[in-house]
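A closer look at the structure
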Amino acid sequence: REARCQLLITPRPPDATDLVQKRLFEDRYAVFYDPGHRAAPASLDDYLASDHVTVSYGPGRPLALDQQLAGQGVDRRFVVQVPGFAGVAAFLRGGPWLATLPRLLGLHSLQGLASTAPPLPCPPLPMYLVWHLRHQADPMHQWLRQQIEAVVPEVLPDGSI
């Protein structure tokens, strides 16, 4: 609305009538860990007894997954909260902690860490392309959106779309 951002890729599209959103792909959650310092959690009890690292965008702004699991009574012990995904790997490497995060982070910022499926049901993580309605008919903006949509299948591993 304030023209600070023309295009957004997000799992949490704003609910507004002046914003357009299009589903790009869907990710799943994975439990990341350093295999040199621990094994994958062997059970739900092992997972819940472990210390966890997560992302918190500020007070009262946890990850949607963390909110959902807490709302279901799943009590995890967070020993580290970082302000963005880029900070997670530094805490997982060399330690016994777990982080339940989008699986595709393993391709880049969490590369080299091991991962396994969560030992409890986690919702899928759809990702959306979002833009303001004022850009809907802009030819350059349309071109950019088309380029992003075209590259998604090329850069994501099979099954992510």
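Calculation notes
Residues numbered from 1 in each chain as written. Predicted model: local features only at pLDDT ≥ 70, side-chain atom pairs only at ≥ 80, totals over all residues. Heavy atoms only, no water. Helix = DSSP H or I, 4+ residues; strand = E, 2+ residues; numbered from the N terminus. Contact = heavy atoms within 4.5 Å. Core = buried A, V, L, I, M, F, W, Y, C linked by side-chain atoms within 4.5 Å. Buried < 20%, exposed > 50% of the residue type's maximum accessible area, 1.4 Å probe, protein only. Phe/Tyr/Trp six-rings, centres within 6.5 Å; stacked < 30°, edge-to-face > 60°. Lys NZ or Arg CZ within 6 Å of the ring centre and 35° of its normal. Patch = residues over 30% accessible without salt bridge, like charges linked within 9 Å, V, L, I, M, F, W, Y side chains within 5 Å. Areas by Shrake-Rupley, 256 points an atom, 1.4 Å probe, with all protein chains shown as cover. Salt bridge = Lys/Arg side-chain N within 4 Å of Asp/Glu carboxyl O.

**As for the environment of A114**
Its place among the elements puts A114 in strand β7 (residues 114-116). Along the sequence, A114 and Y33 sit 81 residues apart, while their C-alpha atoms lie 5.5 Å from each other. Contacts of A114, omitting those with residues within four sequence positions, involve V31, F32, Y33 and P35.

**Examining the nonpolar core**
Taken as a class, soluble globular proteins show a tendency for nonpolar side chains to be buried jointly. Among the nonpolar cores identified, the biggest contains 22 residues, and L24, F25 and L129 are the most heavily contacted of them. Contributions of two or more residues to this core are made by β2 (19-27), β3 (29-33), α2 (64-71), β8 (125-132) and α4 (139-155). The leading source of residues in this core is β8, at four residues. Grouped together as the second largest cluster of nonpolar side chains are 15 residues, F32, A89, L105 and L110 included.

**Overview of the environment of C5**
Of note, C5 is situated in the segment before β1 (8-10). Taking the relative accessible area as the measure of exposure, C5 reaches 47% and is therefore partly exposed. Here the alpha-carbon distance between C5 and S115, two residues 110 residues apart in the chain, equals 33 Å.

**Observations concerning the packing of aromatic side chains**
Enumeration according to the criterion identifies one aromatic pair in this entry. Note that R145 overlies the ring of W131, its terminal NZ or CZ placed 4.2 Å from the centroid.

**A few points about a nonpolar patch on the surface**
On the surface, a cluster of nonpolar side chains totalling about 330 Å² of accessible area is made up of M140, W143 and L144. Position of W143 relative to the elements: it lies in helix α4.

Geometric descriptors of this kind do not, in isolation, establish any biological role.
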